[in-house]
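A structural walkthrough
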Amino acid sequence: MGLGIGKIIVIFLFSFLIIRVGKSVIRNLFKRRRRGPFQITPRRETTLIKLLENTLTYTVYFAAVIMMLETINIQVGALLAGAGIAGLAIGFGAQNLVKDIITGFFIIFEDQFSVGDYIKTANFEGFVEEIGLRTTKIKSWTGLLHIIPNGSINEVTNYSIHNSVAIVDISVAYEGDIATAEQTIEELLKELPERYEELVGVPELLGVQNLGSSDVVLRVVAEVIPMEHWSMARKIRKELKNRLDERGIEIPFPRLVMYSRQEEETLEIENK
Amino acid sequence: MGLGIGKIIVIFLFSFLIIRVGKSVIRNLFKRRRRGPFQITPRRETTLIKLLENTLTYTVYFAAVIMMLETINIQVGALLAGAGIAGLAIGFGAQNLVKDIITGFFIIFEDQFSVGDYIKTANFEGFVEEIGLRTTKIKSWTGLLHIIPNGSINEVTNYSIHNSVAIVDISVAYEGDIATAEQTIEELLKELPERYEELVGVPELLGVQNLGSSDVVLRVVAEVIPMEHWSMARKIRKELKNRLDERGIEIPFPRLVMYSRQEEETLEIENK
Amino acid sequence: MGLGIGKIIVIFLFSFLIIRVGKSVIRNLFKRRRRGPFQITPRRETTLIKLLENTLTYTVYFAAVIMMLETINIQVGALLAGAGIAGLAIGFGAQNLVKDIITGFFIIFEDQFSVGDYIKTANFEGFVEEIGLRTTKIKSWTGLLHIIPNGSINEVTNYSIHNSVAIVDISVAYEGDIATAEQTIEELLKELPERYEELVGVPELLGVQNLGSSDVVLRVVAEVIPMEHWSMARKIRKELKNRLDERGIEIPFPRLVMYSRQEEETLEIENK
Amino acid sequence: MGLGIGKIIVIFLFSFLIIRVGKSVIRNLFKRRRRGPFQITPRRETTLIKLLENTLTYTVYFAAVIMMLETINIQVGALLAGAGIAGLAIGFGAQNLVKDIITGFFIIFEDQFSVGDYIKTANFEGFVEEIGLRTTKIKSWTGLLHIIPNGSINEVTNYSIHNSVAIVDISVAYEGDIATAEQTIEELLKELPERYEELVGVPELLGVQNLGSSDVVLRVVAEVIPMEHWSMARKIRKELKNRLDERGIEIPFPRLVMYSRQEEETLEIENK
Amino acid sequence: MGLGIGKIIVIFLFSFLIIRVGKSVIRNLFKRRRRGPFQITPRRETTLIKLLENTLTYTVYFAAVIMMLETINIQVGALLAGAGIAGLAIGFGAQNLVKDIITGFFIIFEDQFSVGDYIKTANFEGFVEEIGLRTTKIKSWTGLLHIIPNGSINEVTNYSIHNSVAIVDISVAYEGDIATAEQTIEELLKELPERYEELVGVPELLGVQNLGSSDVVLRVVAEVIPMEHWSMARKIRKELKNRLDERGIEIPFPRLVMYSRQEEETLEIENK
Amino acid sequence: MGLGIGKIIVIFLFSFLIIRVGKSVIRNLFKRRRRGPFQITPRRETTLIKLLENTLTYTVYFAAVIMMLETINIQVGALLAGAGIAGLAIGFGAQNLVKDIITGFFIIFEDQFSVGDYIKTANFEGFVEEIGLRTTKIKSWTGLLHIIPNGSINEVTNYSIHNSVAIVDISVAYEGDIATAEQTIEELLKELPERYEELVGVPELLGVQNLGSSDVVLRVVAEVIPMEHWSMARKIRKELKNRLDERGIEIPFPRLVMYSRQEEETLEIENK
Amino acid sequence: MGLGIGKIIVIFLFSFLIIRVGKSVIRNLFKRRRRGPFQITPRRETTLIKLLENTLTYTVYFAAVIMMLETINIQVGALLAGAGIAGLAIGFGAQNLVKDIITGFFIIFEDQFSVGDYIKTANFEGFVEEIGLRTTKIKSWTGLLHIIPNGSINEVTNYSIHNSVAIVDISVAYEGDIATAEQTIEELLKELPERYEELVGVPELLGVQNLGSSDVVLRVVAEVIPMEHWSMARKIRKELKNRLDERGIEIPFPRLVMYSRQEEETLEIENK
C-alpha cells in the first residue's frame, strides 16, 4: 500500500509538471506563429490559446485520476462501460457536466464573447471576468461575482459588439405647444455631439411616444459607443431639463379635474 | 509522437483548404446555374448556398477531429458505439447540440426567416444578423447582439413578410360630442395617405374601444409597409393631438367627483 | 467521385419530378371522384389532398436523402439501427421532429382547423395561413407571421366554428335609478338587430355584474356571427353611450367622500 | 404496383364498411339489452357505447394502415420491434399519443364528465361538446371551441354534478348601523326563494367578511341548481341594491380624511 | 368467432360476479374480526376495506381484459415483455398511470386523509368525496367537483386533524390611545368563549401587527375546532366593530396631509 | 387455495411480531449503550433509533408482501428483473418513491431537522410533527397539517437552530429632526433588554433605510432567541409608537402638495 | 446470525477508526508540507483538506454498508449491476444524489466559495456556514439556516470577492435648481472618505437617473469594502438628508395640479 501511495504522489506531481510545460509550449507556439506567414486576429488567438490550455488541463487531470484509481485496483474502464443501476444513476447525474463542457467548447470556439465584454445571460448580467470549459465568471457593476456553469448559458446577449442606444422619455404638458417643445429639443440635440464625444451622430427626436393621462411623452434616442448608453441617458436627461426650464416649457405634474358635488343629492337617495 | 503532431498539423491545414475550395465551388456552381434554364428566386438561392456551405464546414471539421483523435490512438468509432456510463452521460449531454442542428436545418430549409428580417423568438426580438446551422444572431434596435442556439428558436414570429399595423388609442372627454370627435378624426385620416407614403390605404377609425372611468377611448389603426408601424404610430399620435387641439376637442385629464362631508357625523357615532 | 455527384444530381431531379407528377395525380383523382358516387364535403376534401401531398413530399425527400448518402457510402440503415452514444444523442434530439409530424398528422386528419380559420394556440393567435405536416403559419391581425412547429400546438382554440359573443360592460351611477337605466338599455338592444345584420338574435342585458366602489356595472352580451364580436362590441359601446346621454343617465366619474379635519387634533396628541 | 393500389383501395373501403356495420351492431346490442333483465343508467350506457365505438374505429384504422404499409412491402412489425435511433425518436415522439389515449380511456371508463357538462381543465372551461379517445372538445360560453388532447386533461373540475353557490359581497358604511343592515338583508333573502325557483333553500348572510378601509363588507351566499350561480348572483346584487336604497342604507364611496397644513411649516425647516 | 364472443361475455359476467362476492366477503371478514381479540380503530378499518376492495376490483378487471385479448389471439404477455418502439411509447405513456396507483396506495395505506376531511392539494381545496386507487374526488364549498389523479396529489394539506386558527386584523387610529383600544379588545375577547362554543380557549390579542400609513393594525387570533375559523373570524370581526363603536374608538379612514401651494412659484421658474 | 390464505395470514401475523420485537430490541440496545463508554447526544440518539425502526418496518413489510405474492404463485423476482413495457412503466412510475426514501434517509442521517423544529420547505412552513422515511408531517401555526413526501423537501430552511432577528421599520416625518428621533429610539432600545428576556443583547438602530415619498424610514433590528422574532417585533412596534407619541415625534400620514389651477387656461387652448 | 451481528459491529467500529485516523493523517500531511518547498495559499489548503476528508468519510461509509449487507447475504454487487425494474427505479431515484456529489466536488475543487463568504443561490442568500460533498449550509442575516443540496446550487453569486457598491437615489424638486443640488451633494461626497474608512475612493454622483412625475431623481454610488454596501447606503442617505436640509433644498412630496370644475357643465350634457 505504501507503494500505491508513492505511485499516486508520483502521478500527482507528474500531471502538474505536464500541465505547466504544456501551457508554456502552447504560448510559445503561438508567439512564434505570429512572426510566420499565417495571420489571425489577436482576439481569435487568445481564444485558441485558452481553448488548448483548458483542454490540456482537463485531459491530464482526467487521465491522472483514472491512473490513481487503477493504482488502488479500481477498474475504471470496466466501471464506465458497465450499465447497471450505478451506471444509470451516474450517467444521469453527470449529464449536466457533459452539457457544461460541450457548451463551453462552443462559447470559446465560436467566440460568442471574450473576457471584458458586458454580457447578459438568462439570470445575470455583467462584465466577463473569466471563461473556462466548465464555468464562466461574470462581475456585475455592483461588485457581485456570478459563477455560471456554461450549460446554463443558453441564450446570451453581448452588449460590447455594436453601438448602444440611449433612450430618454420626456414629458411636456398638454396645454403647451408641442411644436415649440420639439423645436427646442431638436436645437439642443444638434449641439450635443460637440460636447460629448461618446455620441455617434446627432441624437434623434423620434416623436410622440405616448399620449399619457396628464402629459405628452416625447422620446429621444442617441446612438453611442458600446456601454455608454446609461451614462449618456443621464446627461441628456439633465440637458433637456435645463433647456426646457430656460425656455419656460413646463414638465407637468399629475393633473386631476375635480367636481365638487353637494351631499344633499345622495342624502335624498338615502332617505328615499 | 513527433510524427503524430506532424500528421495533426497536416490534417488541420488540409481541412482548411477543403473548406475554402468547397465554398468557392458552391458559389460558382450557383452563379453558372443562374444563366441556365433552371430558375429559383435569389432569396431561395442564398438560403441554399448557406445551407451547403454550413454542411460542408461542419462535416469537414467533424471528420478532421475524428482523424486527429485516431492519430493519437483514440478509437472514436468504438467509443461512439459503446453505451456504458460515459456514453449515457455524453448522449444526454449532447442532445441539445443535435436539436440545435436539426432545428437550424429546418430554419434554413423551410426559409422561415432570412438575414435582415425583423423576428421575435421566445425571449428576444431584433434584426437577423447571421443564420448558422447551430446558432442565430439577432441585433436588437438598441444595439444588443443576441446569440441564440437554434434549438431555442421553437416558435418564431417574422415581422418582415406582411404589412404591419400601427395602433393609436386616443381619449376624448365624456362631456364632449363623440360624433364630432369621430368626424374630425376621420377627416384627418383621409388626408394622411398623401403626406405619408409608408401608409397602405387610408387609416381606419375602429370606434369606441373602451368606456374608461374618465374618458372615452377611440382606436385608430393604420396598415403600413413592414416595420414602419412604430414610427407611423408616433406620427399619427402627433397629428391627432394637433387636430383635436385646433377643433377645441378636449383630451381629458383624470376626473374625480368629490363630496365634502362634515366631520360631526362620524364624531357622533364615535361618541355613541 | 464524379460518378457519385452525377448520381446525386439524378436522384435530386428525379425526386422533384415524382413530387410534381404525384401532386397532379392526387388532384386529378379527387376531381374525378367528385363526379363519382362517393361524396365528401369540400373542406374534408382539401384536408385529404393536403395530407396526401404532404406525405408524398416528405417521403420522397426522405428516400432521396438516404439514397444520396448511400451513394457516398454512408450506411444510413445500419446507422439508424445502431444505438451507441451518437444514436442516443440523435434519438433524443430528433424526438421533437417526430412529435411535430405526429401532431401535424392529427391536426389535418381530425380537421381541427383549416386555412382561414382564426385560432389561438398557447402563445399566439391569428388567421391560419398555411398548415403543413411539420409547421403551421398563423398571421395575426397586426400583420405578424407566426411560424409554429405543430408539436407546440397542443391545445388549440378555434374561433371560426361557432358564433362569437360580444361583451360590453357599462357603468351607471349609484344615485341613478337602475330600473330606468335597464329599461333604456333594453329598449336600445331591441332596435339593434335591424341595424346590424351580423347580430344573431337580440343582444341581452344580463344584469348587475358588479357593485363597484363608484359605479354599478351592467353587462350586455350579444351573439354575433363568428369573429364579429370585437367590431360589434365597439358599435354597442357607442350606441349605449349616445342613448344614455340622450336620456340624461350619467356614466359616473370616480367618487370620493372627503372629511376635512383640523390639524390641532393631531398636534395635541403630538404635544402630549 | 397497380395491384398494390388496388389492394389499398379494397382495404380502405373494407375498413369503412366494418366501422359502419360495427357501430350499428353496438347500438342494436344496447337497445336489445335495455329490454333485458340487466339494467344500467342511460348516462352509463352512452358512455359504454361511445367507448366501444371509439375502440372499434381506432382499432380498424390502425389495422388498415398496417395492412396498407405491408402491401407496399414495409415490414411494420419488424420496424416497431427494432430499437435503433429511429425507434428511440419515434418512441419518445409518440408517448404523448399513448398518454392521450390512456387518459381518454379513463375519462370515458370512469365517467368523469359527459357531453353537456360544464367543466374546467388547467387552461380552459366550457360546455363539453364531444369526448373522444384522443381529444375532447369544449365550447366556452363566448362561442370559442377548445380542442384539447386528453393527455392535457389531468385534473378536471366538473360544475354540473353538485349544486352551485352564488356569492355576493355588499358594502355598507362604517357610520351606518350594521345590525339594521343585516336585518334588512336577511328580510330580503327570506323573500327570494318564492321569486326565483333556481334557488335551493334560503340564501344565507354569512356576516362581516372584511373591515375595509372605507366600508364594512357583508357576504351573502345562495345555493342554486348547477350552473345558475352567475345569473343568480346578478339578480341578488340588484335586489340588494334596490332594498338598501329603499331603506336609506348607504353603499359607501371611498373615503378620505384630509388635513390641510400650512406651507410655512415646511418652508421654515427648509430655511433652517 | 362466435365462440370468441361467447367466451368474452362469459369472462365479463364472471368477473362481475367475483367482484361482488369478493366485496361482501371482505366486509364480512371485517365485521367478524370486530368481535375478535385483534382491535383497530374504525377509521383504520374503513381504510383497509377500501384498500382491499379497490385492489380486488382492479386486479379482476385487469385479469379479465388480458383473458379477453387472449381469446381474440393477442399475446399480451409477449407484447408486454417486448421492448420495441411501441413498448417504449406505451411504457412512457403509461408511467402516469403507475404513478397514480402507487401514490393512491400510499394515501390509503398511510391514511393521509379520509372521506369528509377538508384538504388542499397544489391546485384545489375542498371536502374529500371519494378516494380511489387512481383518482380522488374533492368537492369545493361552492359545489364544484374536482377529479384529481392521485399522482397529482404530491403535497397535501389536511385541515381536519388539528384545531384551526381564526385571524382578525383590526385598525385603530394613530391619534387614538392604543392602550385603551387594547384593553377594550381584551375585555371583549374574554367574554367570547361563553357565547361561542366552537372556541377553544380565550382568543388572544397578539399586539401591534403593523404601523400602516393611516392606521395602527392590531391582530387577534382565536383557536377554534377544525374548519370553524372562517365562520368565527366573521363573528369576531362583527363583535369587535360593535364594541369599538360603543366605546367611541375610531376605525380610521385613509388619511392625507395636503399642502396647498400657489401656482406663481412654478410659473416664475417657467418664466425664468 | 385455502392453504394459500392460511399461509398469507401466518406471514401477516409473523411480520407484525417481528416489527414489535425488533423495535423493543432497538430501544433496549440504545438504553444499555447509554450507560456504556460510547457517548452520543440524545438528539442524535433519537435520530438513530428512528432510522433503525423505520428501516426495520419497511424491510419487513416489503419482504412480507413478496412472500405473500409468491404464495399465490407470482414470481416477483423474475418480474422485477424483467424489463419489458410493464417494467418500463413501473420503473418510471416508482422513481418518486425511491427518491422519497433516499431523501428521507439523508434528512434523518444528516439530522437536517428534528421533531419540534420550525422549518420551511418550498411550499410550506410550520413545526415538524413527524419525520418518516417516505413523508414528513408539518403543522402550521394556523393548525393546518401539511403531509410532504421527502422527495419534495429539496432545499429546507431551519428556523430553530440559530437566534432569530426581529425587524421593525418606523417612519418619521421629513419636517422632523432625524437626530432627535434617532436619539429617542436608541434610548428606548437600551431599556428593552431589562423588560424582555427573549432579547439577546440590545436591539440596534440600523439607520435610514429609505427616503420615502412622504416619510423617512428608520430600521430597528433585534436579535432574539429562536422563533420569538414575530412576537418581539410586535412588542417593539408598540413600545416605539408609545415613546414617539410621548416625545411628540410625528409618525407621518401620506402627504400631497396641491396646486389649484384655473380652468380658463385649458379652455383657452381648447378654443384656439 | 449472532456471528453476523458481531461482524457488523466490528465493521462499524472499524470504519469509525479509519475515518478518525485518516483525517488526522490528512491534517498532518498538510502541516508538514507547509514547511516544504511546495507552497499553496491557506484558503486553497483548507479546500483540499476538506475535499480529502469528505471523500474519505463517504468512501469508508459506502464500503462499510456494502460489507454489512454482504454479511447478511445480500449480493450488492450483482444488485447494482442488474438492470430490471428495481434497477430502473433506483437508478432514476438516485440521480439527484449523484448530481449533488458531482456539483459539490466542483464547488470545492474550483473554490467557488468558502466558509464565511456571503453568497446567493437561486432561492437563498446568506453567509456560508458549512460546505460538504452533498449539502451546503447557509445562514441568512435574520438567523435562518438554509440547508441546500449541492445539485441545487447551479448558478451561484459570491458577494465577498470584489468590493461592493452602495446605491442611493435622492429626489429633488422640479422647481429647485439642479445645478445647486448637484454641487451641494458633490461637496458632501468629497468629505465622506475621511469619516468612513469602509469607503474605497470618493463616492460618485452619477447624475439625473430619472425625471419622475413629481421629482428629479439623482443617483449616488459609492464603492465600499465587500458587504458594507447596505450599511454605507444608510449612512449616505442620512448625510444627504441632513446636508440638503441645511442648504434649504427641498426633498419633494408627491404633487398634483387640480382643476376645479363646475358641476353644471356635466349636468347640461346629462340633460341634453
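Residues numbered from 1 in each chain as written. Chains lettered and ligands numbered in written order. Predicted model: local features only at pLDDT ≥ 70, side-chain atom pairs only at ≥ 80, totals over all residues. Heavy atoms only, no water.

What follows concerns the overall build of chain A. Tallying secondary structure elements over chain A gives 7 helices and 9 strands in all. The buried share of chain A, taken over its 272 residues, is 51%. When contacts within chain A are restricted to residue pairs at least 6 apart in sequence, long-range pairs at least 24 apart make up 63% of them. Within the structure as shown, chain A displays about 13,200 Å² of accessible surface, and the carbon and sulfur contribution to it stands at 60%. (Helix = DSSP H or I, 4+ residues; strand = E, 2+ residues; numbered from the N terminus. Buried < 20%, exposed > 50% of the residue type's maximum accessible area, 1.4 Å probe, protein only. Contact = heavy atoms within 4.5 Å. Areas by Shrake-Rupley, 256 points an atom, 1.4 Å probe, with all protein chains shown as cover.)

Let us look at the packing of aromatic side chains. Scanning all chains against the criterion turns up 49 aromatic pairs over all chains. Centroid distance Phe105 of chain A to Phe106 of chain A: 5.4 Å. Interplanar angle 85°. Geometry classified as edge-to-face. In this structure Phe105 of chain A comes out as partly exposed when scored by relative accessible area, which is 34%. Pairing Tyr118 of chain F with Tyr159 of chain F gives two aromatic rings, centres 5.1 Å apart and planes at 80°, and the pair type is edge-to-face. Of this pair, Tyr118 of chain F sits in strand S1 (residues 118–120) while Tyr159 of chain F is found in the loop between strand S5 (156–158) and strand S6 (164–173), placing the two residues 41 residues apart along the sequence. Residue Tyr118 of chain F is classed as buried on the basis of its relative accessible area of 2%. Through a chain of ring-to-ring contacts, the aromatic side chains of Tyr118, Phe127, Tyr159 and Trp230 of chain A assemble into a single cluster. We note Arg134 of chain E situated over the ring of Phe106 of chain D; from NZ or CZ to the ring centre the distance is 4.1 Å. (Phe/Tyr/Trp six-rings, centres within 6.5 Å; stacked < 30°, edge-to-face > 60°. Lys NZ or Arg CZ within 6 Å of the ring centre and 35° of its normal.)

Per the UniProt annotation, the sites labelled "domain: Mechanosensitive ion channel MscS C-terminal" (unreviewed entry) are residues 168–251 of chain A. Structurally, residues 168–251 of chain A is divided into 43% helix and 29% strand, and its ends, taken at the C-alpha atoms, are 14 Å apart. (UniProt positions renumbered as here; feature names shortened; annotations may be inferred.)

A word on helix H5 (residues 178–195) of chain F. Think of an α-helix as turning once every 3.6 residues; residues three or four places apart then point the same way. Between its first and last C-alpha, H5 of chain F extends 26 Å over 18 residues, near the 26 Å set by a 1.5 Å rise per residue. Listed in full, the buried residues belonging to H5 of chain F are Ile178, Ala181, Glu182, Thr184, Ile185, Leu188, Leu189 and Leu192 of chain F. Viewed along the axis of H5 of chain F, the buried residues span an arc of 160°, placing them on a single side of the element. Relative to its buried face, H5 of chain F has exposed residues pointing more than 90 degrees away, namely Gln183, Lys190 and Glu194 of chain F. Taken together, the buried residues of H5 of chain F touch S6, strand S7 (204–211), strand S8 (215–224) and helix H6 (229–246) of chain F together with helix H6 (229–246) of chain G. Sitting at the head of H5 of chain F, Asp177 of chain F places a side-chain oxygen 3.3 Å from the backbone nitrogen of Ala179 of chain F. (Expected span 1.5 Å × (residues − 1). Arc of directions from axis to C-beta. Polar contact = N/O pair within 3.5 Å; in protein donor to acceptor, adjacent residues only side chain to side chain.)

Next up on the list: the interface of chain A and chain G. Each partner contributes to the interface: chain A provides 49 residues, whereas chain G provides 58 residues. Of the roughly 4,900 Å² buried where chain A meets chain G, counting both sides, 64% is carbon and sulfur surface. Between chain A and chain G we count 2 salt bridges in total. A salt bridge links Arg134 of chain A to Glu110 of chain G, with the nearest nitrogen and oxygen atoms 3.1 Å apart. Put simply, chain A and chain G have 18 residue pairs in polar contact (both at pLDDT 80 or more) between them. By residue number, the principal contributor to the side of chain A that touches chain G is helix H4 (residues 85–109) of chain A, which donates 10 residues. Class assignment for the residues of the side of chain A that touches chain G results in 28 nonpolar, 10 polar and 11 charged. In this sheet, strand S9 (residues 255–261) of chain G lies alongside strand S9 (residues 255–261) of chain A in parallel orientation, the contact comprising 5 bridges. (Buried area = accessible area lost by both parts, 1.4 Å probe. Salt bridge = Lys/Arg side-chain N within 4 Å of Asp/Glu carboxyl O. Nonpolar A, V, L, I, M, F, W, Y, C, P; charged D, E, K, R; others polar. Pairing = 2+ DSSP bridges.)

A few words now on the packing of helix H5 (residues 178–195) of chain G against H6 of chain G. Residue and element names in this part refer to chain G. Axis separation between H5 and H6 bottoms out at 11 Å; the angle between their running directions is 135°. If you check the angle between H5 and H6, you find them oblique. For the element pair H5 and H6, the recorded crossing hand is right-handed. Taken together, the residues of H6 that come into contact with H5 (itself represented by Thr184, Ile185, Glu187, Leu188, Glu191, Leu192 and Arg195) are Ile236, Glu239, Leu240, Arg243 and Leu244. (Axes fitted to C-alpha atoms, helices over the stretch in contact; angles between N-to-C directions. Parallel < 35°, antiparallel > 145°, perpendicular 65-115°, else oblique. Left-handed = near helix turned anticlockwise from the far one by under 90°.)

All right, on to the sheet that holds strand S6 (residues 164–173) of chain E then. Spatially, S6-S8-S7 (chain E) is the arrangement adopted by the 3 strands of the open sheet, whose pairing is antiparallel. Since the sheet does not close on itself, it has two edges, and those belong to S6 and strand S7 (204–211) of chain E, each with one partner. With direction set aside, neighbouring strand axes in the sheet form an average angle of 25°. Sitting on the sheet, helix H6 (residues 229–246) of chain E is in contact with S6 and strand S8 (215–224) of chain E, with an inclination near 25° to S6 of chain E. Each of S7 and S8 of chain E touches H6 of chain F; the most contacted strand, S7 of chain E, lies at about 65° to it.

Let us look at the UniProt feature "transmembrane region" (unreviewed entry) in chain A. Residues given the UniProt feature "transmembrane region" (unreviewed entry) here are residues 6–26 and 74–94 of chain A. Annotated as 100% helix and 0% strand, the span residues 6–26 of chain A places its first and last C-alpha atoms 30 Å apart.

This brings us to the pairing of strand S3 (residues 135–139) of chain D. Residues and elements named next belong to chain D. For S3, the tally of buried residues reaches 4 of 5 residues, placing the bulk of the element in the interior. When strand S2 (residues 125–131) meets S3, the two strands line up antiparallel, connected through 4 bridges. Within the sheet, the bridge partner assigned to Ile131 lies in S3 and is Thr136. Between the antiparallel neighbours S2 and S3 lie 3 residues. Relative to strand S4 (residues 145–149), S3 runs antiparallel, the two being bridged by 5 bridges.

Bringing the pairing of strand S6 (residues 164–173) of chain A into the picture now. Residue and element names in this part refer to chain A. Within S6, 8 of the 10 residues are buried, which leaves the element mostly enclosed by the surrounding structure. Sheet topology places S6 next to strand S8 (residues 215–224); 10 bridges connect them, and they run antiparallel. Within the sheet, the bridge partner assigned to Ala166 lies in S8 and is Ala222.

Along the polypeptide, Glu239 of chain E turns up in helix H6. In sequence terms Glu239 of chain E and Gly207 of chain E are 32 residues apart; their C-alpha atoms lie 18 Å from each other.

Moving on, we get to the sheet that holds strand S7 (residues 204–211) of chain C. All names here are of chain C. Spatially, the 3 strands line up as an open sheet ordered S6-S8-S7, and their pairing is antiparallel. The open sheet terminates on both sides in strands that have one partner only, identified here as strand S6 (164–173) and S7. When strand polarity is set aside, the average angle formed by the axes of neighbouring strands in this sheet is 25°. Along the sheet face, helix H5 (residues 178–195) touches S6, S7 and strand S8 (215–224) and points at about 145° away from the line of S7. Running at roughly 25° to S6, helix H6 (residues 229–246) makes contact with S6 and S8 of the sheet.

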